[in-house]
Amino acid sequence: MTDNNPAVPVNFIQNIITEDLKNNKNGGRVHTRFPPEPNGYLHIGHAKSICLNFGLALANAGLCNLRFDDTNPSKEEVEYVESIKADVRWLGFDWEDRLFYASDYFDKFYEYAVELIKAGKAYVCDLSPQEIREYRGTLTEPGKDSPYRTRTVEENLDLFERMRAGEFPDGSRVLRAKIDMASPNLNLRDPVLYRILRTTHHRTGDQWCIYPMYDFAHPISDALEGITHSICTLEFEDHRPLYDWVLDNINIDYAKDVKSRPQQIEFARLNLSYTVMSKRKLRELVEQQYVNGWDDPRMPTISGLRRRGYTPEAIRDFCERIGVAKRNSVVDIALLEHCVREDLNQRAPRVMAVLRPLRVIIDNYPEGQVEWLETDNNPENPSMGTRKIPFSRVIYIEQEDFMENPPKKFFRLAPGREIRLKSAYIIKCERVVKDEQTGKILELHCTYDPESKSGGVNSGRKVKGTSHWVSAAHALKAEVRLYDQLFQVENPDNEADGADFKAHLNPNSLERLTGCLVEPSLADAQPGNRYQFLRQGYFCVDPDSTKETLVFNRIVSLRDTWAKIQKTEKSG
RNA sequence: UGCGGGAUGGUGUAGCGGUAGCACCCAUGACUCUGGAUCAUGUUGCCUAGGUUCGAAUCCUAGUCCCGCAGCCA
C-alpha cells in the first residue's frame, strides 16, 4: 500500500513496518511513541524523531504517544515538560489523549522488580559505584560476580523493600539484574535496575526515594502502552539485548508473546553542519550566556527556530528530505535553509525595507507630492492581492545599491546611471553628496523619468537593475537582527584539534541593525508575522517588537547571485 | 586480542542480480520591474582486493576505515 504512495517516504523502518503489516504482526497494529526526557529543550534532531514516530503512525493508520521519560528527577523539570509539549504541538503533531509519563508507572516498575527478585533474576547489591565499575571488567576483559549476587530471594526482597522505605542512604545499594558478568556486551553485566536517590520528583514529589533506570523502565513502559515499534537512536543498539531481556522476564500481556511485543529499532540521529546538537552543549551555551536563552534565534532548538521564523511546514519537509538510515551523517544546513525559502516563497508577503539607508533626493519630483503606487503582495501567488505604497521626493535606497566606481557586473545605481525603483519610476543618479571631512557618501541627487511609472503606458523601458526603496516621510523605523551560523566550522563537535566546541563560536553570529526603515504597511505587523523583504530575505517579527520600534529577525537571506559573483572575483 | 553497528558524487538518501536514481550544493544558459522565483543543461559516486555469474553497489571470501559501548544518565 505504501509502495504506490509517494507521500509516504520509504526508509528501512517503514520497510520493517510494511513487512510486519503483511505478516499481521501485532495484529496489524502500529503504535509508536516519542519519549523525551524533560531535561532540556527540544532541538531539530528531536524534530527528526518526532516526525518519524508521529509520521510513521500517521502513514500506517497507527498511533503515536507522547511519553516523558522522567526517571531521573535530579535532571528534570516541569519547565521542560511544558516546552516540549508546546514544541511538539507547534510542529503539528497530536498525541490526543495519549500523554504519558514513565513516572505514571513507578508502582508497576516496582512490582516487576519484585517479580524479578522472586524469580531469582535480580538482587540487591551493596557495592559502591566505584566497586561496581571495577567488578564490571573492561571492554576486553570479563567482569566478576558481585559478592552480593548470591543473596537469597528473601533477603533481596527484604532489602529492596527497605530501600524503598528509605532505610538506606543514597548510593549505598542498588538493585541489579542477574544476567552475566562475563557477557561481551557490557550492558548485560548485571546492569543496575534501581538506585536510591532522594530528590523531589517534578510529578511524584517525595513519594519515592528509589528510581528505576532507563534500561528497566523503557521496555516496560513500551509494553504497558502497547508500543509495537520502539524507535530510538544508534547508541542504544547495544542495549537492545537488555531491552529484550526485560521483556522476556516480566509478565505483561504485550511482552509475553515475542510476536507482538515491542521491537526496538535504532536509527542515526541528526547532525547539522555549523551547529551542535547535544543537549549538554546547548545547555552550556544558554547557561554561560553565549546565547540569549533556549529560544535564541541562532539556536537549533525548536523554540529557537520558531522565534527565528522557521515554519513547522519547513521543518517537517526538511525532516522528510533528510531520510532515515543507520549511518552517521552530517546534513548540510543549506538544506534546512532551502526548505524555509521554498515554503516562504509561496506564502510570505513581499514588502520593502531598507536595512542600511542611503538618502536619495529626486530633484525633478514635485515637492510635497505623494503618489500611492500599487504593487504585488506576492508575485508567486496573485491571490494574495496588491497594496499601495507611498512614493515621494525623498526616498531611501540600500547603501549597497549604489557604487561610485562600479565594477563590470554591477547593475545598480552609479553616477550617471539609471535603475528602476521597484513598482515606481526609473531614476538617474546626477550628483553624489559627500562629507567633506570623511568622504563618506551622505546622499544622492537624482532625477526621475515621469514616463517610466510602473504599470503606465510607457513603462516598458528596460534598465538593468531594480532596487527596493522606502519613502522618507512615510517609512517606519525598525531594528533588524541578522543572523549567521553560530559556529565558524562545519563540525564544531569535532574536538580532535583539542579545542572546546565553544572555541569555534562565530563572534559575528548576530548583527543588530538599528537604523532600518520599512514601508508603512508594516505598522500593524505582529510578532510571528513573516515577510519577504524584497531582494533581501525572509524576516519575522520578533516578540521584542513594540509599536515604537519594530524588531525583525532575518530567517534566511534570499539566494544572492551578486554576492557570489563578488566573492569569486575577490578570491579569484 | 571484546561486543554491536556502518561504508553509494561535495552533502543527504534510493537501489535488494539486469543501463546507479532523487534532493540539496555547485556551475552554465534562458527568463525576470526581486541579481529572488521559475525553466533548461552540466560536473562529480558504489571503501579495497579477490571470487561466483552472461551480468555484482547488490551474493561469497579476506581486508581497510569510521562510529558506539566500561553512569547508580537517557
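In short, a report on the structure. Bear in mind that the values here come from a model prediction, so they are computed numbers and not experimental data.

Regarding the pairing of strand β17 (residues 426-434)
Argument step 1. Bridge count between strand β16 (residues 418-421) and β17: 3 bridges; the pairing is antiparallel. Directly across from R420, in β17, lies its bridge partner I426.
Argument step 2. Counting the residues that bridge the hairpin from β17 to strand β18 (residues 441-449) gives 6 residues, and of these G439 lies at a positive phi of roughly 80°.

Thoughts on the protein's contact with RNA strand B
Argument step 1. For RNA strand B, the set of nearby residues contains 68 residues, the closest of which are R327, R350, R412, S454 and T561.
Argument step 2. Here RNA strand B approaches the protein such that, of its atoms within 4 Å, sugar and phosphate make up 63%.
Argument step 3. Within the contact set of RNA strand B, a phosphate oxygen lies 3.0 Å away from a side-chain nitrogen or oxygen of R136.
Argument step 4. Residue S423 places a main-chain N or O atom 2.9 Å away from a base oxygen belonging to RNA strand B.
Argument step 5. The residue inventory of the surface near RNA strand B, partitioned by class, reads 25 nonpolar, 18 polar and 25 charged.

Quick word on the nonpolar core
Argument step 1. Membership of the largest hydrophobic core comes to 41 residues, with the highest contact counts inside it found for I44, V88 and F318.
Argument step 2. At the level of secondary structure, the elements contributing two or more residues to this core comprise α2 (44-59), β2 (63-68), α3 (78-91), α11 (302-308), α12 (312-322), α13 (333-347), β24 (537-541) and β25 (550-557).
Argument step 3. Among the elements that take part in this core, α2 stands out by supplying 6 residues, more than any other.
Argument step 4. A domain split of this core shows at least three residues from each of domain 1 (12-267) and domain 2 (279-349 + 478-571).
Argument step 5. The residues contacting V88, other than those within four sequence positions of it, are F34, L42, I50, F54, F93 and W95.
Argument step 6. Formed by 39 residues, the second largest nonpolar core is a distinct cluster that contains F109, L116, A122 and I196.

A look at the packing of aromatic side chains
Argument step 1. Summed over all chains, the structure comprises 26 aromatic pairs.
Argument step 2. Note on F106 and F109: the rings are 6.3 Å apart at their centroids and 50° apart in plane angle, and the pair reads as tilted. On the criterion of helical spacing, the pair formed by F106 and F109 is a turn pair, its members being 3 residues apart in helix α4 (residues 106-118). The pair formed by F106 and F109 is uniform in burial state, with each residue classed as buried.
Argument step 3. Ring plane angle 15° and centroid distance 4.9 Å describe the contact between Y110 and F160, whose orientation is recorded as stacked. Residue Y110 is found in helix α4, and its partner F160 is found in helix α6 (residues 153-165); the two are separated by 50 residues along the sequence. Residues Y110 and F160 agree in their burial class; the two are buried.

Brief notes about the sheet that holds strand β5 (residues 174-177)
Argument step 1. Spatially, the 4 strands line up as an open sheet ordered β4-β5-β6-β7, and their pairing is antiparallel. Each end of this open sheet is capped by a strand with a single partner; those strands are β4 (122-125) and β7 (210-212). When the angles between neighbouring strand axes are averaged without regard to direction, this sheet yields 20°.
Argument step 2. The pairing of β5 with strand β6 (residues 192-196) spans 3 bridges and is antiparallel. In the sheet register, L175 faces β6, and the bridge partner there is Y194.

A word on the pairing of strand β23 (residues 530-533)
Argument step 1. Here strand β10 (residues 350-351) runs beside β23; their pairing, made up of 2 bridges, is parallel. In the sheet register, R350 faces β23, and the bridge partner there is Q532.
Argument step 2. The sheet contact formed by β23 and β24 spans 4 bridges and is antiparallel. Within β24, the residue paired with Y531 across the bridge is F539.
Argument step 3. Between β23 and β24, which pair antiparallel and follow one another directly, the connecting turn spans 3 residues, one of which, R535, has a positive phi of 70°.

Thresholds, definitions, all that
Each residue is numbered by its place in its chain's sequence as written, counting from 1. Note on labels: chains are lettered from A, ligands numbered from 1, in written order. Restriction of local features to residues with pLDDT of at least 70 applies here, the model being predicted, together with a cutoff of 80 or more for giving and counting side-chain atom pairs; totals for whole chains, interfaces and linings are based on all residues. The side-chain figures draw on all heavy atoms in the structure; neither hydrogens nor water molecules are used. Strands are labelled as partners when DSSP assigns at least two bridges between them. Counting from the N terminus, the helices are the DSSP runs of H or I reaching at least four residues and the strands are the DSSP runs of E reaching at least two. Throughout this document, a residue counts as near a molecule or strand when at least one of its heavy atoms sits within 4 Å of that molecule or strand. Two N or O atoms count as a polar contact when they lie within 3.5 Å, although within protein this holds only if one can serve as hydrogen donor and the other as acceptor, and sequence-adjacent residues are included solely when both atoms are side-chain atoms. Only Asp, Glu, Lys and Arg are considered charged in this grouping, and only Ala, Val, Leu, Ile, Met, Phe, Trp, Tyr, Cys and Pro are considered nonpolar; every other residue, Gly among them, is considered polar. Buried Ala, Val, Leu, Ile, Met, Phe, Trp, Tyr and Cys residues that are joined via side-chain atoms within 4.5 Å together make up what is termed a nonpolar core. Buried means the residue's accessible area, taken with a 1.4 Å probe over protein chains only, is under 20% of the maximum for its type, while exposed means over 50%, and partly exposed covers the values in between. Here the bounds of each domain stem from an automatic or database domain assignment. By definition in these notes, contact holds between two residues if any of their heavy atoms fall within 4.5 Å. For Phe, Tyr and Trp, where Trp contributes only its six-membered ring, two rings pair if their centres lie within 6.5 Å, and the inter-plane angle classes them as stacked under 30 degrees, edge-to-face over 60, or tilted in between. As a rule, the C-alpha atoms of each element are fitted with a line to give its axis, helices using only the stretch in contact, and angles between N-to-C directions run from 0 to 180 degrees.

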